[in-house]
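Structural description and commentary
Here's the letter readout for the chains.
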Amino acid sequence: MNKGSYADNTALYSYGKLSRLNRRRKAINTALIVLVFLLAILVAFPLYWMVRCSLVSKSALTVPEYFADPPGIFPKVIQWVNYTLGMERINFFQQLLNSLIITIPYVLGNLLTTSVSAYAFARIRFPLRGMWFALVISTMMLPCAVTLLPQYAMYTKMGLVGTDAILGGRLPLILPALFCASGNAYFVFLLRQFMMTIPVEIDEAARIDGAGHIRIFINIMLPLIRPALIVVGLFSFINCWNEFFYSIIYLQGEKVYTLTLGLYIINGVHITNYEQVMALAVLVSAPCLLLFLIGNKYFVEGIKLSGIKG
Amino acid sequence: MQTSALTKRSFGGRKNIRGRREGATGYLFAFPAIFGFLLLTLYPMATSLFYSFNKIDLQGNMEWVGLQNYVEIFSNPSIGFLKSMQVTILYAFINTFLIIVFCLVVALLLNRKFRMRNLLRAIFYLPAVIPMISTAILWKLLLQNAAGGGLINQFIMKVLHLPQLNFLTDVRLVFVVLFAMGLWTCGGTIVVLLATLQDVPRNLIEAVELDGGNAWHKFRYVTYPTIKPVLFFQLIMCIITSMQVFTQSMVLSSNGAPNRMTYFINIMIYDHSFKQSGMKGIAAAEAWAVFFTILIITSVLFYFQGALRPDSDRPKKRRGGIK
């Protein structure tokens, strides 16, 4: 078909027909937007429910206000005391501290080692670079079970497991971040992709001025990839904070339990006071939600960066 | 050694020294990643393969038994490997299907201009950052029986006037709980797909419109080919992560109740490695069997992705025709 025939076709439509078609399309568009709003409400509702349940009395949990007699929209009694009671039931501040003891070195170590490695894969020519990069990235797809037992045996042999070990046996949870292992290879990939978008001419100019790789990395690359570093920091904080599989294996005493583990234990032991469990669930989720709200822009950018090039 | 071999090939004279120094610097910078790969991935993988051929007792003494562990996990139903594999694959496939369809639909719906679009995107993504433990506890509460505070069952009883559903104890309905959690936390995929949809060429969509194509044609011949690589990557990652479901199942019940329907492979391997005694060799064999299964599934998917390529090339020819 050539262009002329389209023009003829459209000319055949009368004005009324076109506006009717337009109106129909607009109606469909509006309907779809309404639909996506409804879906969003459906997705947001459990979040609301989590906060709501953390604030109500036990009776409002079993008979929520919608189904109560007479029905209402908001719970009658708001009990902030659920939070303090919940915090008393687990050793909250100890566990918060435990979470931070793991998370802070994890995030900082992750930022340092992934950016350094990413720089090597993006900018330095060294033999077998492609092979090493492919191997490192392929660990992303590896099921964690296949390395589980030997890793445990290795850490035990090194004396890193158990509450009497260095850092109370927390080191096996931090070490993977220092060596871009167990899923952290993803950040190497992400940072490398970001570095590839930065023009090589910039470092070439610096090199002519006599700068080596270390200088280029610290003074030129790091400032330029700051947005990507923020993304890595946010993601690795959330990964580490939410970590459960390795925590339940390596953290072997109540003294070193993190908040996620504490929440798991209390869910298993006490099922009766759900409002207190929910209060704790809100508290454990709060840092992640807060970080998300602050860094929303970076999250979206980071996900785009990682997903598209995949 | 490798360094000198390569530099000899690519550089000469003075440059040789520089190239070698460059190579050494490269290895120095990449050290964390390479060392991490060797120490925390390659060595444990090889060792766990070795474990899987051994019988390991409580003291950690090993006895070479060849393929016996593998024979046992495939032939002895009391170990629970085959059932665990079945429920895991069932869960992973349905979960991935639901997630991909849901995310694609939401991304297509969000891919139009309207106010509060970014807010909606944030809402869809928000559940993905919450710890899985919190998510699982929340959904467990939502789907509990009415007396325990389960909102959905209260709704079923008081509004629909139907008997309540035992989501947590029924062998089939327990999957509803898991799928609900999966769908609730898949916001990352929505954001990725939505971002990819920005790359769909506007002029081609308009060309299909001019050709008299409907929404399905636009999707089939323009949108789908553009987002296909990303969609495929998301599919693979989704299957791999779904196969490794752990936290959700641990919160529901740490022993796979009801009737071992939630005794997923990671739960089983965790159980055999650390809770049961003298089953470490079996656990290693199971881990390698899982690794192979994932390898096979991804290879098959990659094969079909390649096999379907001529199909997705077709609209390109049409594109030429239109212009």
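What counts and what doesn't
- Residues numbered from 1 in each chain as written.
- Chains lettered and ligands numbered in written order.
- Predicted model: local features only at pLDDT ≥ 70, side-chain atom pairs only at ≥ 80, totals over all residues.
- Heavy atoms only, no water.
- Domains from an automatic or database assignment.
- Contact = heavy atoms within 4.5 Å.
- Buried area = accessible area lost by both parts, 1.4 Å probe.
- Salt bridge = Lys/Arg side-chain N within 4 Å of Asp/Glu carboxyl O.
- Phe/Tyr/Trp six-rings, centres within 6.5 Å; stacked < 30°, edge-to-face > 60°.
- Helix = DSSP H or I, 4+ residues; strand = E, 2+ residues; numbered from the N terminus.
- Lys NZ or Arg CZ within 6 Å of the ring centre and 35° of its normal.
- Axes fitted to C-alpha atoms, helices over the stretch in contact; angles between N-to-C directions.
- Parallel < 35°, antiparallel > 145°, perpendicular 65-115°, else oblique.
- Left-handed = near helix turned anticlockwise from the far one by under 90°.
- Nonpolar A, V, L, I, M, F, W, Y, C, P; charged D, E, K, R; others polar.
- Buried < 20%, exposed > 50% of the residue type's maximum accessible area, 1.4 Å probe, protein only.

Things to note about the domain arrangement of chain A
It is common to report an interface's size as the accessible area lost on association of the parts. Domain parsing of chain A yields domain 1 (3-53) and domain 2 (81-305). Placing a centre on the C-alpha atoms of domain 1 of chain A and another on those of domain 2 of chain A gives a separation of 41 Å.

Regarding the interface of chain A and chain B
Contacts between the two partners involve 96 residues from chain A, matched on the other side by 98 residues from chain B. Taken together, both faces of the contact between chain A and chain B bury some 8,600 Å²; the carbon and sulfur share is 80%. Across the chain A-chain B interface, the total number found is one salt bridge. Residue arginine 207 of chain A is joined to glutamate 22 of chain B by a salt bridge in which the shortest nitrogen-to-oxygen separation is 3.9 Å.

Things to note about the packing of aromatic side chains
One pass over the structure, following the stated rule, counts 43 aromatic pairs over all chains. Where phenylalanine 53 of chain B meets tyrosine 70 of chain B, the ring centres are 5.8 Å apart and the plane angle is 50 degrees; that geometry is what we call tilted. With phenylalanine 53 of chain B in the loop between α3 (31-51) and β1 (54-56) and tyrosine 70 of chain B in helix α4 (residues 68-75), this residue pair connects regions lying 17 residues apart in the sequence. When the centroid spacing of 5.7 Å and the interplanar angle of 75 degrees are considered together, the rings of tyrosine 303 of chain B and phenylalanine 304 of chain B count as edge-to-face. Ring pairs connect the aromatic residues Tyr152, Tyr155, Phe244, Phe245, Tyr246, Tyr250 and Tyr264 of chain A together with Phe246, Tyr270 and Phe274 of chain B, which therefore count as one cluster. Residue placement shows arginine 220 of chain B over the ring face of tyrosine 221 of chain B; its charged tip is 5.3 Å from the ring centre.

Section: the packing of helix α9 (residues 185-196) of chain A against helix α12 (residues 226-242) of chain A
Residue and element names in this part refer to chain A. Viewed as axis vectors pointing N to C, α9 and α12 meet at an angle of 170 degrees, and their least axial separation amounts to 10 Å. It follows from the interaxial angle that α9 and α12 lie roughly antiparallel. The handedness of the crossing between α9 and α12 is right-handed. For the pair formed by α9 and α12, the contact residues are Phe187, Leu190, Leu191 and Phe194 on the first element and Pro227, Ala228, Leu229, Val231, Val232, Phe235, Ser236 and Asn239 on the second. Residue composition of the contact of α9 with α12, grouped by class: 10 nonpolar, two polar and no charged.

Focus on the pattern of salt bridges
Residue and element names in this part refer to chain B. Enumeration over the complete set of coordinates arrives at four salt bridges over all chains. Arginine 202 serves as the salt-bridge partner of glutamate 206, at 3.7 Å between the closest nitrogen and oxygen. Note that glutamate 206 and arginine 202 are positioned in helix α11 (residues 202-210) at a spacing of four residues, about one turn of the helix. Its relative accessible area of 38% is what places glutamate 206 among the partly exposed residues.

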